[in-house]
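# Architecture and fold: a report
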Amino acid sequence: MGLVKTLENIWKIEDLRKRLLITFFFVVIYRFGVHIILPGVDPQQLASLHSMTAGGLLGILDMFSGGAFANASIFALGIMPYISASIVIQLLGIAIPYFQKLQREGESGRTKMNQYTRYLTVAILVFQGPAYLLGALGPAAPSSWDFLIPSTIILAGGSMFVLWLGERITDKGIGNGVSFIILVGIISRLPHALIGEFTSRLSNPAGGLVMFLAEIVFLLLVVCGAILLVQGTRRIPVQYAKRVVGNKQYGGARQYIPLKVNAANVMPIIFAQAIMMVPVMFAGFSTDKTGFLGSFTDHTSVVYNVVLAVLIIAFTWFYTAVTINPVQMADELKRNNGFIPGIKPGKKTADYIDSIMSRITFPGSLFLALVAIMPAFASTFGVSREFSQFFGGTSLLILVGVVLDTLQQIESHLLMRHYDGLLKSGRIKGRSGSIAAY
């Protein structure tokens, strides 16, 4: 009854109801466009593309696009070019002084960086469009210029339209629009994968149903672990010095600095998978498919998963080091008359924060690597390739993170109107930033 009452409260709030309906409307538009095939493409010849996207990096791209990649849809390239452009702009903000200056300019700087991100997205689409048409579609599409040029324009327009839908969801809908578009693409694959796994297990008379139930229990455990990885924080107590201005006293309150266990989010997995595509490309040109390079084409092989886990751990340390600056945090505390009890301000505080980050980043990187290679373990135990993708990796972390963010948005609307929240035991913890931020 509590859940029913909460749903009634959600429907009573006019602004929240309107936002949910707008979000649903834009999602329906997106899912409708996923099934619109590019003009000139033969749908009967897409069997090879479906087999290519059954696993690996292409399978991840197809999952993020909600099946549009394998369907040769006008939304085939999806939101991923924008994600790639966002990653590049973020890295430029770390390395190039001009972009560092834009980051410090507030709203005007963010507006300029968003414009650069869109320009770079269009540039990426100009190259990815012909590569997709000539490489992925194969015999399903003609290779003449009168097909390539219009189709590239359609694919670029489709991706930018998906980006526009995400921005409208952010402004008019429930929020986190780009992340929500990715979430919809991932969830759209879940029913088909779940039914397929249930059917295959049910056809096995030797304890097939028991194995399916065991898979579901294990999946729930992995999801709980992913929630802990996304929400896990270490809080550092901060004391602010008392100061008197006139007859009023300020400061003296104790607050906390939350340091995330997984400050890098899914960035290390994305970087590592991009690097892993290099040996896969060379393996495609090699005649020896069973050697060292050939093992990288098998996503369940020991070599592939060990190298992937090592890269994820390394990238987690690297990305955390370049995004979290203990010296800057210590300077901000000193400037605001704050200090960590028992630690001297300045360099000692920076060293203390750095040591805490090192302690929590190491187990966080190990857990992130374990979640990333979990689909390989699932495949080893007989789980189908489509269903095993939900046991870990980027898809699971994005799914968990965006769902928590969405629930936190609804929670804030309910509490603001003095309704009971979604959880009686306390508020849902929101993450600092959106998945789309990567």
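Please refer to the structure placed before this passage.
This text gives an overview of the structure that appears in the document. Counting restarts for each chain, with residues numbered from 1 along the sequence as it is written. Under the rules for a predicted model, residues below a pLDDT of 70 receive no local features and side-chain atom pairs below 80 are neither given nor counted, while totals for whole chains, interfaces and linings still include all residues. By convention in this description, side-chain values take in all heavy atoms of the structure and omit both hydrogens and water.

Time to look at the pattern of salt bridges. Salt bridges are counted wherever a side-chain nitrogen of Lys or Arg sits within 4 Å of a carboxyl oxygen of Asp or Glu. Using the criterion set out here, one finds 7 salt bridges in the structure. In this structure, Arg19 engages Asp15 in a salt bridge whose closest nitrogen and oxygen atoms are separated by 3.4 Å. One end of the pair is Arg19 and the other is Asp15, both in helix α2 (residues 14–34) and 4 residues apart, which spans about a single turn. The residue Arg335 makes a salt bridge to Glu332 at a minimum N-O spacing of 3.0 Å. Of this pair, Arg335 and Glu332 both sit in helix α13 (residues 326–335), 3 residues apart, roughly one helical turn. What you see here is one network of salt bridges that share partners, running through Glu197, Arg201 and Glu215. Under the DSSP-based scheme used, a helix requires at least four consecutive residues in state H or I and a strand at least two consecutive residues in state E, with every element numbered from the N terminus.

This brings us to the nonpolar core. Within this scheme, the nonpolar core is defined by two criteria: the residues are buried Ala, Val, Leu, Ile, Met, Phe, Trp, Tyr or Cys, and they are joined through side-chain atoms within 4.5 Å. Here's how the labels work: a residue is buried when its accessible area is under 20% of the maximum for its type, exposed when over 50%, partly exposed in between, all with a 1.4 Å probe on protein chains only. Membership of the largest hydrophobic core comes to 86 residues, with the highest contact counts inside it found for Val41, Tyr132 and Leu397. Take this core: its biggest share by element is 9 residues, from helix α16 (residues 393–416). Segment limits for the domains were obtained from an automatic or database-derived domain assignment. Each of domain 1 (17–173) and domain 2 (190–416) accounts for three or more of the residues forming this core. Contact definition: two residues touch when any of their heavy atoms are within 4.5 Å. Not counting the four nearest positions on each side in its chain, Val41 is found in contact with Leu46, Ala72, Leu137, Ala140, Ala141 and Phe147. Core analysis: the second largest hydrophobic core is formed by 11 residues, Leu259, Ile340, Ile353 and Ile356 among them.

Turning our eyes to something else, we now look at the sheet that holds strand β4 (residues 254–260). The pairing criterion is simple: DSSP has to find at least two bridges between the two strands. The strand order across the open sheet formed by 3 strands is β4-β1-β5, and the pairing between neighbours is antiparallel. Each of the sheet's edge strands pairs with one partner strand only, and the pair in question is β4 and β5 (338–339). Bridge count between strand β1 (residues 233–240) and β5: 2 bridges; the pairing is antiparallel. Bridge pairing links Tyr240 to Gly338 in β5.

This part is about the packing of aromatic side chains. Stacked, tilted and edge-to-face are the three classes assigned to paired rings of Phe, Tyr and Trp, where Trp is represented by its six-membered ring and a pair needs centres within 6.5 Å; plane angles under 30 degrees give stacked, over 60 edge-to-face, the rest tilted. Counted by the stated rule, this structure contains 9 aromatic pairs. The interplanar angle of 20 degrees and the centroid separation of 5.7 Å between the aromatic rings of Phe161 and Trp164 together place this pair among those described as stacked. Note that Phe161 and Trp164 are positioned in helix α8 (residues 145–172) at a spacing of 3 residues, about one turn of the helix. Here Trp164 falls in the partly exposed class, since its relative accessible area comes to 38%.

A contiguous nonpolar surface patch, about 360 Å² in accessible area, is contributed by Phe198, Leu202, Leu209 and Leu213. Broken down by secondary-structure element, the contributors of at least two residues to the nonpolar patch are α9 (177–202) and α10 (208–231). For Leu202, the position within the fold is in helix α9. Its relative accessible area of 48% is what places Leu202 among the partly exposed residues. Residues qualify for a patch when their relative accessible area is over 30% and they have no salt bridge, like charges being joined within 9 Å and the nonpolar side chains of Val, Leu, Ile, Met, Phe, Trp and Tyr within 5 Å. Surface accessibility follows the Shrake-Rupley procedure with a 1.4 Å probe radius. Residue values consider only the protein chains on display as shielding.

Take the residue count of a helix, subtract one, and multiply by 1.5 Å to get its expected span. In a regular helix each residue adds 1.5 Å, so 24 residues correspond to 34 Å; α16 covers 35 Å between its end C-alpha atoms and thus fits that length. The buried fraction of α16 amounts to 17 of the 24 residues, a majority that puts the element mostly inside the structure.

Next up on the list: the environment of Leu221. Residue position: Leu221 is located in helix α10. It is 9.5 Å that separates the C-alpha atoms of Leu221 and Phe391, two residues lying 170 residues apart in sequence.

Once that is clear, we can look at the environment of Trp317. Along the chain, Trp317 turns up in helix α12 (residues 302–323). Residue classification places Trp317 among the partly exposed positions, given a relative accessible area of 33%. On a C-alpha basis, the gap between Trp317 and Phe362 in space is 7.8 Å, while along the polypeptide they are 45 residues apart. With sequence-adjacent residues up to four places away left out, Trp317 is seen in contact with Ser358, Thr361, Phe362 and Ser365.

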